2 protein chains.
Amino acid sequence: MTSKKVIELFYDVVSPYSWLGFEVMCRYRKVWNIELKLRPAYLAGIMQGAGNKPPGLVPNKFMYMTKDLHRLSEYFDVPLQPPSDPFEAMFQKGTLAAMRFVVAVQEREVGGDEQVEKVSRELWRRIWSEDKDITQPASLSEAAMKAGLSDSEIKEVLKLCTTKDIKDKLRSTTEDALNYGAFGFPMLVCHINGKPEMFFGSDRFELMAHCIGEKWIGPKPDKQAAKL
Amino acid sequence: MTSKKVIELFYDVVSPYSWLGFEVMCRYRKVWNIELKLRPAYLAGIMQGAGNKPPGLVPNKFMYMTKDLHRLSEYFDVPLQPPSDPFEAMFQKGTLAAMRFVVAVQEREVGGDEQVEKVSRELWRRIWSEDKDITQPASLSEAAMKAGLSDSEIKEVLKLCTTKDIKDKLRSTTEDALNYGAFGFPMLVCHINGKPEMFFGSDRFELMAHCIGEKWIGPKPDKQAAKL
């Protein structure tokens, strides 16, 4: 038995490309010999820390990204649908409360990351598929309920996510990403022979597979494997 | 016999990601049922026209791109090697003369685009592999000589590339790219059922193949095909 390669996935539910990367990695952790570490972080902190600007501020780039996401959504089989007001959803409302909530879910989950995975997915579904709020406690609770958390668990998480401990944890994960050299999300960090190798975005999977000695068979490995 | 799908490739030799895209497309035009149209254009004009900024101005992004290009160079089998002073080479010296030269080569070539392909490649090799100048007439001549042009052809091209006609042609190709919605290079425009579909960068080939009904077998289809 060879030891599993550790891959850290830094993400924020504000980012649609992170959703694509998240789903691909959640699929491939059942296919590749890897240990996936979900690292919920805060993209606005990355942009500020790295001095980067959101790509959507250039009009031609914004139009292209809308088209690109539409095509990728179908190809990756992820039900992406931009919110009616993407700028309000992404920049005015933001995801600070949502990402603290995800960190709190992770903090209290033991023996795996099923809850973190499911809650993250439900939050993406709200903002990037159903055009719903993810800033209010009621919105976060609804996502957690759909993810299978009990009422008492949700209450605990809501209490936890306003604590200094959770705020600090989100900040330190975001700092970890910056220290690796992040300037946006998703950011994947593969630990290969004790060395971190960074891959930014949701379009380096083929190259990443090559670097970790695995095989890329497209964004839907389950369906693809069935076809082979 | 089905008619070939037309794919336009907008590029500038200032851009290393364009080199990767260019080599991949030159390989795949022998594999896919496509007609590749090389569209040498001027990236600085695109950036200004689209209000975009070069990604390398964000320090973390610059460091990542250096690493990314190094890995892609090996994986794509394209001998990329950053110039010793990338900012001087890309922004201070620039590629206006070089791209006018390429357009002039294209203008006088008949019955194909072998010369345009080879001259473009030799210019990329100079700036993005051998750290050599591509602004002086002697530098352009040397590249053209390596690409197989005769002395008299080179003389003609050098004379041609200072004419209003060629300057206008480079400008109008750049405007074509902007009108398609370009904000950087490489930009690929696939004509599918009479509709243009844009793909930016050198990381959408798998998706593009899916959209045009072809199969992506990695960046080295010749070597890959031999292995199958």
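Residues numbered from 1 in each chain as written. Chains lettered and ligands numbered in written order. Predicted model: local features only at pLDDT ≥ 70, side-chain atom pairs only at ≥ 80, totals over all residues. Heavy atoms only, no water.

A. Up close: the interface of chain B and chain A. Contacts between the two partners involve 33 residues from chain B and, on the opposite side, 33 residues from chain A. Taken together, the two surfaces of chain B and chain A that pack against each other cover about 2800 Å², and 50% of this comes from carbon and sulfur. Inspection of the region where chain B meets chain A yields eight salt bridges. Of the charged contacts, one joins B:R204 and A:D203 as a salt bridge, the two residues approaching to 2.9 Å between their closest N and O atoms. Where chain B packs against chain A, one counts 23 residue pairs in polar contact (both at pLDDT 80 or more). (Contact = heavy atoms within 4.5 Å. Buried area = accessible area lost by both parts, 1.4 Å probe. Salt bridge = Lys/Arg side-chain N within 4 Å of Asp/Glu carboxyl O. Polar contact = N/O pair within 3.5 Å; in protein donor to acceptor, adjacent residues only side chain to side chain.)

B. Broad picture of the relation of the copies chain B and chain A. Each copy of the sequence occupies a distinct position, and chain B is placed on chain A by a rotation of 180° and an axial shift of 0.0 Å, giving an RMSD of 0.0 Å. Expressed as a symmetry operation, the mapping of one chain copy onto the other fits a two-fold axis. Considering only C-alpha atoms, the part of chain B nearest the rotation axis is B:D203, at 3.0 Å. Most of the interface of chain B is mirrored in chain A, where 100% of its interface residues are also at the interface. (Least-squares fit on C-alpha atoms with pLDDT ≥ 70 in both.)

C. Geometry of the side chain of A:S141. Looking at the element boundaries, A:S141 is found in helix α7 (residues 137-146). Filtering out sequence-adjacent residues up to four positions away, A:S141 remains in contact with A:I154 and A:L158. (Helix = DSSP H or I, 4+ residues; strand = E, 2+ residues; numbered from the N terminus.)

D. Inspection of the sheet that holds strand β1 (residues 5-11) of chain B at higher detail. All names here are of chain B. With mixed pairing, four strands are arranged side by side in an open sheet as β2-β1-β3-β4. Strands at the two margins of the open sheet, each flanked by one partner only, are β2 (34-40) and β4 (195-200). Adjacent strand axes in the sheet meet at a mean angle of 20°, parallel and antiparallel pairs treated alike. Where β1 lies against strand β3 (residues 187-192), four bridges are found, and the strand directions are antiparallel. Bridge pairing in β3 places L9 opposite L188. Contacting β1, β2, β3 and β4, helix α9 (residues 164-180) crosses the sheet at an angle of about 115° to β1. (Pairing = 2+ DSSP bridges. Axes fitted to C-alpha atoms, helices over the stretch in contact; angles between N-to-C directions.)

E. Just the UniProt feature "active site" (unreviewed entry) in chain A, in detail. All names here are of chain A. In the numbering adopted here, UniProt assigns the feature "active site" (unreviewed entry) to S15. With respect to the secondary-structure elements, S15 resides in the loop between β1 (5-11) and α1 (16-28). Excluding anything up to four places from it in sequence, S15 contacts L43, W124, W128, F185 and P186. (UniProt positions renumbered as here; feature names shortened; annotations may be inferred.)

F. Focus on the pattern of salt bridges. Counted according to the given criterion, the structure contains 44 salt bridges over all chains. Residue A:E130 is joined to A:K132 by a salt bridge in which the shortest nitrogen-to-oxygen separation is 3.3 Å. Linking B:D113 and B:R29 is a salt bridge whose minimum nitrogen-to-oxygen distance equals 3.0 Å. Of this pair, B:D113 sits in the loop between α5 (96-108) and α6 (114-128) while B:R29 sits in the loop between α1 (16-28) and β2, placing them 84 residues apart in sequence. Judged by its relative accessible area of 17%, B:D113 falls in the buried class. Of the residues examined, B:R29 reaches a relative accessible area of 21% and is grouped as partly exposed. Salt bridges sharing common partners tie together A:D68, A:D203, A:R204, B:D68, B:D203 and B:R204. (Buried < 20%, exposed > 50% of the residue type's maximum accessible area, 1.4 Å probe, protein only.)

G. Inspection of the pairing of strand β2 (residues 34-40) of chain A at higher detail. Most of β2(A) is tucked away: five of the seven residues are buried. Since β1(A) and β2(A) lie parallel, the crossover through α1(A) that links them has a hand, and here it is right-handed. (Right-handed = clockwise from strand over helix to strand, strands pointing away.)

H. Just the sheet that holds β2(A), in detail. Residue and element names in this part refer to chain A. Pairing is mixed across the open sheet formed by four strands, whose spatial order is β2-β1-β3-β4. Here the strands that pair on one side only, and so sit at the sheet edges, are β2 and β4 (195-200). The sheet shows a mean angle of 20° between the axes of neighbouring strands, direction not considered.

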